[in-house]
Amino acid sequence: MNDVTELKKLTPADFASDQEVRWCPGCGDYAILKCMQRTLPELGADPANTVFVSGIGCSSRFPYYMATYGFHTIHGRAPAFATGLKLANPALDVWVITGDGDALSIGGNHTMHAIRRNVDLNILLFNNEIYGLTKGQYSPTSRVGTRSPSTPFGSVDRPVKPGSFALGSGGRFVARTIDTAQAHMPVVFRRAYEHKGASFVEIYQNCIVYNDAVYEPFTAKANAADAQLLLEHGKPMIWGKEKNKGLILNRDTQRLEVVTIGENGITEGDILVHDETNKSVAYMLIEMPFPGFPVALGVIYCDPAPTYDDAVEAQTVAVLAKKPAKPDFDALLRQGQTWTVA
Amino acid sequence: MNDVTELKKLTPADFASDQEVRWCPGCGDYAILKCMQRTLPELGADPANTVFVSGIGCSSRFPYYMATYGFHTIHGRAPAFATGLKLANPALDVWVITGDGDALSIGGNHTMHAIRRNVDLNILLFNNEIYGLTKGQYSPTSRVGTRSPSTPFGSVDRPVKPGSFALGSGGRFVARTIDTAQAHMPVVFRRAYEHKGASFVEIYQNCIVYNDAVYEPFTAKANAADAQLLLEHGKPMIWGKEKNKGLILNRDTQRLEVVTIGENGITEGDILVHDETNKSVAYMLIEMPFPGFPVALGVIYCDPAPTYDDAVEAQTVAVLAKKPAKPDFDALLRQGQTWTVA
Amino acid sequence: MATALKDITDRDTVEHPDSIVVRFAGDSGDGMQLTGGQFTLSTALTGNDLATFPDFPAEIRAPTGTLFGVSSFQINFGSGDIETSGDEIDVLVAMNPAALKVNLGALRKGGMIIADSGEFNARNLAKAGYAANPLEDSSLASYQLLSFNITQLTVDAVKPFGLGNKEAIRCKNMWTLGLALWMFDRDRTPLVDWLKAKFTKNPVLADANIAALDAGHAFGETAEIGHSLHRFHVDPVKSAPGLYRTVTGAESLALGLVAGAQLANLPMFFGSYPITPASPLLHSLAKYREFNVTTFQAEDEIAAICSAIGASYGGHLGVTSSSGPGIALKGEALGLAIMTELPLVVVNSQRGGPSTGLPTKTEQSDLYQAVYGRNGDAPMPVIASRSASDCFEVAIEACRLAVQFMTPVMLLTDGYIANAAEPWKVPSIKDYAPFPVSFRETPPAEGEKLNPYARDPETLKRIWIKPGTSGLMHRIGGIEKGYDTGDISYESANHQKMTDTRANKVLGIANHIPDQDVTLGEETGDLAVVGWGSTYGPIIQAVRRARARGLKVSHIHLRYIWPFPKNLGELLKGYKKILVPEMNTGQLKTVLRDQYLVDARPLNKVTGQPFKISEIEAAIDALLNA
Amino acid sequence: MATALKDITDRDTVEHPDSIVVRFAGDSGDGMQLTGGQFTLSTALTGNDLATFPDFPAEIRAPTGTLFGVSSFQINFGSGDIETSGDEIDVLVAMNPAALKVNLGALRKGGMIIADSGEFNARNLAKAGYAANPLEDSSLASYQLLSFNITQLTVDAVKPFGLGNKEAIRCKNMWTLGLALWMFDRDRTPLVDWLKAKFTKNPVLADANIAALDAGHAFGETAEIGHSLHRFHVDPVKSAPGLYRTVTGAESLALGLVAGAQLANLPMFFGSYPITPASPLLHSLAKYREFNVTTFQAEDEIAAICSAIGASYGGHLGVTSSSGPGIALKGEALGLAIMTELPLVVVNSQRGGPSTGLPTKTEQSDLYQAVYGRNGDAPMPVIASRSASDCFEVAIEACRLAVQFMTPVMLLTDGYIANAAEPWKVPSIKDYAPFPVSFRETPPAEGEKLNPYARDPETLKRIWIKPGTSGLMHRIGGIEKGYDTGDISYESANHQKMTDTRANKVLGIANHIPDQDVTLGEETGDLAVVGWGSTYGPIIQAVRRARARGLKVSHIHLRYIWPFPKNLGELLKGYKKILVPEMNTGQLKTVLRDQYLVDARPLNKVTGQPFKISEIEAAIDALLNA
Ligand SMILES: Cc1ncc(C[n+]2csc(CCOP(=O)(O)OP(=O)(O)O)c2C)c(N)n1
Ligand SMILES: Cc1ncc(C[n+]2csc(CCOP(=O)(O)OP(=O)(O)O)c2C)c(N)n1
Ligand code: SF4
Ligand code: SF4
Ligand SMILES: [Mg+2]
Ligand SMILES: [Mg+2]
């Protein structure tokens, strides 16, 4: 079905649909959309073979704007639709676009199970720490104290950390990036795309209308260098304007600490090296409190395992190998004990 | 309402209802029930002030057998009922009884949110790695390869680890015990009961009919000592028939390793000390693969934080402090701009 | 009485029409809802009766200038009883080409257009799909067109305050409002007060907005093209004496629920999950902590209803709320509330369906779901509100039924009612008979068994016991229960008995509600128009008009949909024909035909817009002549 | 034709009754379902027509000896057409006191009891609430009581095989079966073969069980109290020639769905979540990988339906299945399937409700939910199966409607049908007309726009495009869609048009299904008994009996519930009265009265048990005489 013969290099315009984009002016979603439209041609993606599946929310409007296949489903259930779709046609590249409310409030269970089963999906969670579409109620990622129409005196419940939730659900690929990071985002998209299995990507996304600037402390240009730890597998975890801040693991407490290279005898060699396959360090990186610690960005954890869709296919092949080549349905009907009336 | 004057010491019989117990003969649920009926009087619990809320499953029949208040609700939603109940009456001791299917398949989202919000509930998950009540289909905790009526060729999806899921959801208390451990279980129940906030307890429970003996390798008497690591806060993590196996954290890989005290110069002092408040070590303890590593039992993680119900109450008190002592509903009706027709 | 504004012929005089319909339309960002809201308040303060219809896009802030981004606010006000927001517009305020394009169809021929010519530039015209500027070609010749550069006039007016260009332009809704206040002979003082209060933290903005308001007013009063403008004075309505305010359905519902809980002498627990157009109820209730209201934003609709049932089990009045898709998710848990016979109020603010449908548009298409939409034989009472102020009454009634019959109750309202405002003669809680709940607190006598399903022999309501009460420990759940004992029972005869009991308990509510009255007209006749919910306004006006033409038509508007009032069957038999207008494909009609075997004929409209009076009038004529 | 077994008077001769009802009852652990199943097979092989009714507790393995732990299996077999499992029992096999207590009420006076006296000990008598041993007092005097120590006889028979006591005792169901085979003149060979196959891995167990079987048989043939036993020979039914097997509803449904997918030339995706009594469908389908069936045990019912819709979107035939409470959870997603117009088959194996209700008992109370239970105007076809073998036909039909109209289809079956077995003349897939799906694969011509909602003008079905197809990329979703384009549309007139289109598409199915036939009787008359689903058997027998008494009664059994067949309204008008027996409180009745304004009278039974023929016959008489 996929027209593999046609090899002309596609452009971002080939991935932009004819639908008018309907987000608020200044919404972070625009930047993510642009980035996706720019990255897919670079990845050599085929629009006919690409499907964006979403739930409900501002972010979930995303599929309408991509000139690929798209399915805007119902609130919170996108991973379940995507799972059925992927099992139906494992050759498709399936992206799930979701918001913090969609993925972690109503949809938490489906997010968990898609990740646990390791279905080969790329899940992008646009986290704006708010319900945009329904006009600004707090979400499960909103910080304690968030004043919103439903919490006029401030929210009191502790937010969930999307990355921890993904890891706790058995995730094999967890990454983080920022809507405005037009250089970093494509790298993360590529890694997610190339990862076989459920890739979980949290994108810090600014909702200019209902939750403006919550991420400023680490996304603003002036703060970025000192506030962001850009992870690279095999590289020491160093950041800062002067590239002299680093993470070490305290031997007594088994907890992470921030150190300064050149102070107290610390050298670059002392700094913890990022190992994408170390799950418990991944947890620590995700849970580092900011400020105090930097915000870890990039691929935090990646340790591939067999995917659900592959395993189902492999099992089918194995089962069929033991069955006649041309299965006979009438024979199935006649299975078991039968008798004949003459 | 609670008859606090009546202080007579209650007995297990005071906690047993008049309903016939309807589990299969030999089911692990009996032992848990007995243990609960034995432990509650020891904790000084008041049956009138105790509520067991459950979902649907064999395990969820539990409330019927307790002579306390009880609510057998619908599949997967017990944490949501319990949350409403606890907010309605924070003075109640609310226990949630659930199974691996109930809590982690259909109910995963509610489990996550009760834990995330840190509602002061004691959640006991009877994990038999199978759907008992519906006659033996595999569950989200079943091991890969489980043959069941719905997976005649073996299951292919990776199970979720209840403890990791609870931690990933922001859990502040995570413990594990075994249905047959009649000495260990009460200790864990007590800790869960005393912990303010959502206490998450996984109980390895044997389903004699559909999944018999899955836990034998570490629960059988002969195997226990070498297979179980019984955690105690502040104590080194040592186990084994000879009490000479220990855990250390490898400095290079930041991963746990099993060592033998007395070999390769290892002394007791080298062994990692259990720190209930260390979340990343808690993750490692939960995820240790068995065999190869022991199964960690007891309180794996405990680091109390404000509970949702307390926070709601505190906020209400703060809000009311700024309002007139006797709120006037008619005044509320008349708020805003009004006019009078003569 | 939506008498149309007379053709504007005699210039520079004040007209005195009976009623006028004005629609403000602009970009989502133009503040039309705010303008409309303030104009409504001003109208109310003047003593007119009124009805409003806010209509806005699903997008939070749709891109400027687009057709789908147009937001509008319609108000019908007059000196007689106003029941609808008006069939046709008399005055259309169009802040840009898209607003004109989208709304022109609703403007009556000869009606007035006030357009901001400053926004009719090439870019905006293109976005709206205009090949030529309609203000400049003769395409609007059949209307009274008044166009001036409101944008520029506003920028000029606020120049002294040194605002940025964007901020300055944002004041244009106040300029427009100022003009409207002049046109309709209104006092500016309350507006000025409101602006001052709104911008206490930023007095410069307050001053700028007031300046814009004044400038718009002055423009009407004095300015260059004042001669082509009109002044209208709509006389105040002769209302019953008392204290009034305006209220939207969502506000009135919130207040009614609180009142209901107070009358039941219970704390209220409200578990909900945001969804359009139900969220405003959550937002309102979240503020009422001092009235013993706990609100809980759950993780989804299922958790919302389950938490509310849990709270009811704990002795609170559990309430949950959503709109169609969310109510669909609550079906399973509703069964549990029915089985455990716990009180619960479920509010459905209906919207356009199916599926995500038209979230911001109105519809009445969840009646089937309310009456029939559960597994098993799972009866529960269903009642519906007819208007913004009626929500208060209906909410109290829902609370009463829930606690007096130990049952979940479905309350239907819709997006139109939720958002629309009307004047409300403010009641006092003292006007309502309390219905305090008494929990069972005494343990059974020595040797007696506690029967948690012991029933009131007349109402069949079971007793209610709060966990925490000593000596009354018991277990409940969703498996069939033994009569009285409440213990699990798989016994055949018991299931029949319990199924019948649950059905009869709900049917018996008919003995505890008022008989159905005829809303307008005689108790017999050629035709009864039977309605429910927010179609009240257009139906009563249409019936009024038909009756004015001598037709033997009556209006019967239902509050109680399940069970129906005891006399309804008899009442309906008194009419030769029955017409059932609904904003769905004919749902109440099904229940009426099933229950009474009467030939109820549907009149259906599902456009996301309320009925026009004329549409119903036409259907009356058609059915009478059929 | 359930002619009762004649009073047992002439000893030691073989009787030739037309039909006999036997019920095996014992502890859950006694293997009664297995015994019943094997007896059924043997009955079928003998050539009798038959119907069965397995009835078991909700508990997996209830404690031994308890009343609630009793499991039973009833079979009605005969030489005429057998349509029900029988009103009254002729022979009751009671393996313990509880089994006797629970089942005695259904035994006809004069019927036979075979009891295992070995289990009538003090402990078991107490558990069953017997003060005295009924085998020993005269309380069973009005029955033919045969009691012997089956337990001991079994233990003796299997002694040579050296089994443990528990294992030895477990063979007593085979002893009982052996006795039954002798009583009813059956061949033991198939049973022996089956036991050998079952215990290939443990030949000792096979031998022991065979020994028990033989011993039971020999006991009848020769043994001590053989003289008080009877032999019955039920002549084979005169069936159409062909190959036969027995089939339960769950098996037949699974096969029918696979057949439907094959006829549509599509792979099938089955997303489900276990629930009683729907799970067996999942279990059956999970085995059929080689027929292009993917089964997916989802995390819940919502994910189950969503995954199936996702697969349909991907070009598979999506199927999902549950029972009432689970179907309730699927309501919201059904709306999306309706809105996106994707094919989907939804199977509801109904059980006793509401809420958790009576999970293992049968009921028909989800018809309302099927027809009306969604938010918004959300029509979808609903069809129902009447028997185990009919499930095959109905499943194929559901698949056909789903793909030929691009719509979700609700298929109703129930716990009774799912578990009951009947002989089935095995069809061939070649007997069915294929309805292969053709996906749209050609891109629109240069300059033309792709319209993913382009429709067949006659059926209104939209085109189906698989993701992965080049040049046909498009987006769909749950917001109202523009006619043809499928793009988001908030436009008023379009919503009306689309709502009407969705309704008309489903109503139009009436043009593509057979006219309703009269199942039994004339096309006019005094009374039509209108039924649907598993009440087929008792209704047709009751009507047959009434007709035999000369009454002008006909039976009309519906497969199509929404929409109804085109001629149904006319047909019903041909009868003076209409009786609608349902295992609910009157749900089909509502739809009939609404659609045709006919005075359909309900006959309702909700005891978790199927109707008795006599109950329906009595209602026919009552209504005719009313
Ligand atoms: C069943 C259901 N419940 C509720 C809603 C209303 N709803 C739509 S989007 C949304 C939350 C949006 O938040 P998020 O997922 O964070 O997306 P954002 O708008 O912030 O991108 C809600 C509550 C719905 N559409 N359907
Ligand atoms: C909505 C709904 N879906 C499905 C079911 C059927 N069901 C009941 S219990 C259960 C799973 C039980 O497994 P688990 O929670 O592990 O409990 P266990 O029986 O093993 O103790 C299922 C699928 C149900 N009762 N309700
Ligand atoms: S509300 Fe927020 S998230 Fe939604 S479109 Fe507007 S800015 Fe973006
Ligand atoms: S099925 Fe398993 S879990 Fe359920 S009662 Fe029986 S042994 Fe226990
Ligand atoms: Mg968000
Ligand atoms: Mg389980």
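Residues numbered from 1 in each chain as written. Chains lettered and ligands numbered in written order. Predicted model: local features only at pLDDT ≥ 70, side-chain atom pairs only at ≥ 80, totals over all residues. Heavy atoms only, no water.

1. Some words on the overall build of chain A
Each helix and strand counted, chain A has 11 helices and 12 strands in total. Along the three orthogonal principal directions, the C-alpha set of chain A runs to about 95 × 50 × 50 Å. Expressed as a percentage of its 342 residues, the buried residues of chain A come to 64%. A sequence separation of at least 24 residues applies to 66% of the contacts in chain A between residues at least 6 apart. Per element, the accessible surface of chain A, about 12,000 Å² overall, is 55% carbon and sulfur. Counting 32 positive and 36 negative side-chain charges, chain A places the averaged centre of each group 4 Å from the other. (Helix = DSSP H or I, 4+ residues; strand = E, 2+ residues; numbered from the N terminus. Buried < 20%, exposed > 50% of the residue type's maximum accessible area, 1.4 Å probe, protein only. Contact = heavy atoms within 4.5 Å. Areas by Shrake-Rupley, 256 points an atom, 1.4 Å probe, with all protein chains shown as cover. Lys, Arg positive; Asp, Glu negative; His and termini not counted. Charge placed at Lys NZ, Arg CZ, Asp CG, Glu CD.)

2. Details of the site of ligand 3
Taken together, the residues surrounding ligand 3 are Trp23, Cys24, Cys27, Cys58, Asn128, Gly132, Gln205, Cys207, Ile208, Val209 and Tyr210 of chain A together with Ile60 of chain C. The environment around ligand 3 is built from residues contributed by chains A and C. (Near = heavy atom within 4 Å.)

3. With respect to the site of ligand 1
Not every one of the 21 residues close to ligand 1 is listed here, only the nearest: Cys58, Ser59, Asp100 and Asp102 of chain A together with Glu301 of chain C. What surrounds ligand 1 is not a single chain but chains A, C and D. Asp100 of chain A places a polar side-chain atom, nitrogen or oxygen, 2.7 Å from an oxygen atom of ligand 1. In the environment of ligand 1, an oxygen atom lies 2.9 Å from a nitrogen or oxygen atom belonging to the backbone of Gly101 of chain A. In terms of residue count, the dominant contributor to the shell around ligand 1 is helix H3 (residues 100-106) of chain A (3 residues). In terms of residue class, the shell around ligand 1 is made up of 9 nonpolar, 8 polar and 4 charged. (Polar contact = N/O pair within 3.5 Å; in protein donor to acceptor, adjacent residues only side chain to side chain. Nonpolar A, V, L, I, M, F, W, Y, C, P; charged D, E, K, R; others polar.)

4. Topic: the packing of helix H12 (residues 324-340) of chain C against helix H12 (residues 324-340) of chain D
Contact geometry of H12 of chain C with H12 of chain D gives a least axis separation of 7 Å together with a crossing angle of 175°. With respect to H12 of chain D, the axis of H12 of chain C lies roughly antiparallel. Across the interface between the two elements, Pro325, Ala328, Leu329, Gly331 and Glu332 of chain C of H12 of chain C pack against Pro325, Ala328, Leu329, Gly331 and Glu332 of chain D of H12 of chain D. Across the contact of H12 of chain C with H12 of chain D, the residue classes tally to 6 nonpolar, 2 polar and 2 charged. (Axes fitted to C-alpha atoms, helices over the stretch in contact; angles between N-to-C directions. Parallel < 35°, antiparallel > 145°, perpendicular 65-115°, else oblique.)

5. Observations regarding the interface of chain B and chain D
At the interface, 30 residues of chain B touch 25 residues of chain D. Carbon and sulfur atoms supply 59% of the area buried between chain B and chain D, which totals about 2,100 Å² over both sides. Along the contact surface separating chain B from chain D lie 7 residue pairs in polar contact (both at pLDDT 80 or more). For the side of chain B that touches chain D, the leading source of residues is helix H3 (residues 100-106) of chain B, giving 3 residues. When the residues that make up the side of chain B that touches chain D are grouped by side-chain class, the tally is 17 nonpolar, 8 polar and 5 charged. (Buried area = accessible area lost by both parts, 1.4 Å probe.)

6. Side note on the interface of chain D and chain A
Listed by partner, the interface residues are 71 residues for chain D and 59 residues for chain A. Of the roughly 5,500 Å² buried between chain D and chain A, counting both surfaces, carbon and sulfur atoms make up 63%. The largest per-residue losses of area from chain D upon contact with chain A belong to Arg289, Glu299 and Arg475 of chain D, which jointly make up 14% of the total buried on that side. There are 27 residue pairs in polar contact (both at pLDDT 80 or more) connecting chain D and chain A. Those elements giving two or more residues to the side of chain D that touches chain A turn out to be helix H1 (32-46), strand S9 (242-248), helix H9 (249-264), strand S11 (293-297), helix H11 (301-313), H12, strand S16 (421-425) and strand S17 (475-477) of chain D. By residue number, the principal contributor to the side of chain D that touches chain A is H11 of chain D, which donates 8 residues. Taken together, the residues that form the side of chain D that touches chain A break down as 39 nonpolar, 19 polar and 13 charged.

7. Remarks on the coordination of the magnesium ion (ligand 5)
Residues and elements named next belong to chain A. Looking at the magnesium ion (ligand 5), the protein donor atoms are Asp100 (OD), Asn128 (OD1) and Ile130 (O), and they sit 2.1 Å from it. Within one chain, the residues serving as donors to the magnesium ion (ligand 5) are arranged as D-x27-N-x1-I. Given a relative accessible area of 3%, Ile130 falls into the buried group. (Donors = N, O, S within 2.8 Å, 3.2 Å for Na, K, Ca; no water.)

8. Describing the coordination of the magnesium ion (ligand 6)
Residue and element names in this part refer to chain B. Within the first shell, the magnesium ion (ligand 6) binds the protein through Asp100 (OD), Asn128 (OD1) and Ile130 (O), at distances of 2.1 Å. Mapping the donors of the magnesium ion (ligand 6) onto the primary sequence yields the spacing D-x27-N-x1-I. Accessibility expressed as a relative area gives 7% for Asn128, which makes it buried.

9. Points about the sheet that holds strand S10 (residues 256-260) of chain A
Residue and element names in this part refer to chain A. Reading across the sheet, the 3 strands line up as S8-S9-S10 and stay open at both edges, with antiparallel pairing between neighbours. Looking at which strands have only one partner, the edges of the open sheet turn out to be strand S8 (238-239) and S10. In this structure, strand S9 (residues 245-249) lies alongside S10, joined through 5 bridges in antiparallel fashion. Directly across from Leu249, in S10, lies its bridge partner Leu256. (Pairing = 2+ DSSP bridges.)

10. A short note on the sheet that holds strand S4 (residues 122-127) of chain B
Judged by pairing direction, the sheet is mixed, and its 9 strands sit side by side in the order S7(B)-S11(B)-S5(B)-S6(B)-S4(B)-S3(B)-S1(B)-S2(B)-S17(C) without closing on themselves. Looking at the sheet topology across the chains shown, the edges are occupied by strand S7 (228-230) of chain B together with strand S17 (475-477) of chain C. Averaged over all pairs of adjacent strands, the angle between strand axes in this sheet comes to 20°, irrespective of strand direction. The sheet contact formed by strand S1 (residues 50-54) of chain B and strand S2 (residues 69-72) of chain B spans 4 bridges and is parallel. Residue pairing in the sheet places Phe52 of chain B in a bridge with Gly70 of chain B of S2 of chain B.

11. Here's the deal with the pairing of strand S6 (residues 199-204) of chain A
All names here are of chain A. Of all 6 residues that make up S6, 6 are buried, and the element is covered over most of its length. The two faces of S6 match: Ser199, Val201 and Ile203 on one face and Phe200, Glu202 and Tyr204 on the other face are all buried. In this sheet, S6 lies alongside strand S4 (residues 122-127) in parallel orientation, the contact comprising 6 bridges. Within S6, the position partnered with Asn122 by the bridge is Ser199. Assessed by its sense of winding, the connection that carries the chain from strand S5 (residues 173-178) through helix H6 (residues 184-194) to S6 is right-handed. (Right-handed = clockwise from strand over helix to strand, strands pointing away.)

12. Notes on helix H9 (residues 249-264) of chain C
Residue and element names in this part refer to chain C. Look at H9: 22 Å from first C-alpha to last across 16 residues, which is about the 22 Å you get at 1.5 Å a residue. Taken across its 16 residues, H9 has 14 buried, putting it largely inside the fold. Following H9 by one or two positions, Asn265 adopts a phi angle in the positive range, close to 60°. (Expected span 1.5 Å × (residues − 1).)

13. A short note on the side chain of Asn109 of chain B
Within the secondary structure, Asn109 of chain B sits in helix H4 (residues 108-117). Residue class for Asn109 of chain B comes out buried when judged on its relative accessible area of 3%. Here Ser105 of chain A takes part through its backbone oxygen, which lies 2.5 Å from a polar atom of the side chain of Asn109 of chain B. The residues touching Asn109 of chain B, leaving out its near neighbours within four places in the chain, are Leu104, Ser105, Ile106, Gly107, Gly108 and Asn109 of chain A together with Glu299 and Asp300 of chain C.

Geometric descriptors of this kind do not, in isolation, establish any biological role.
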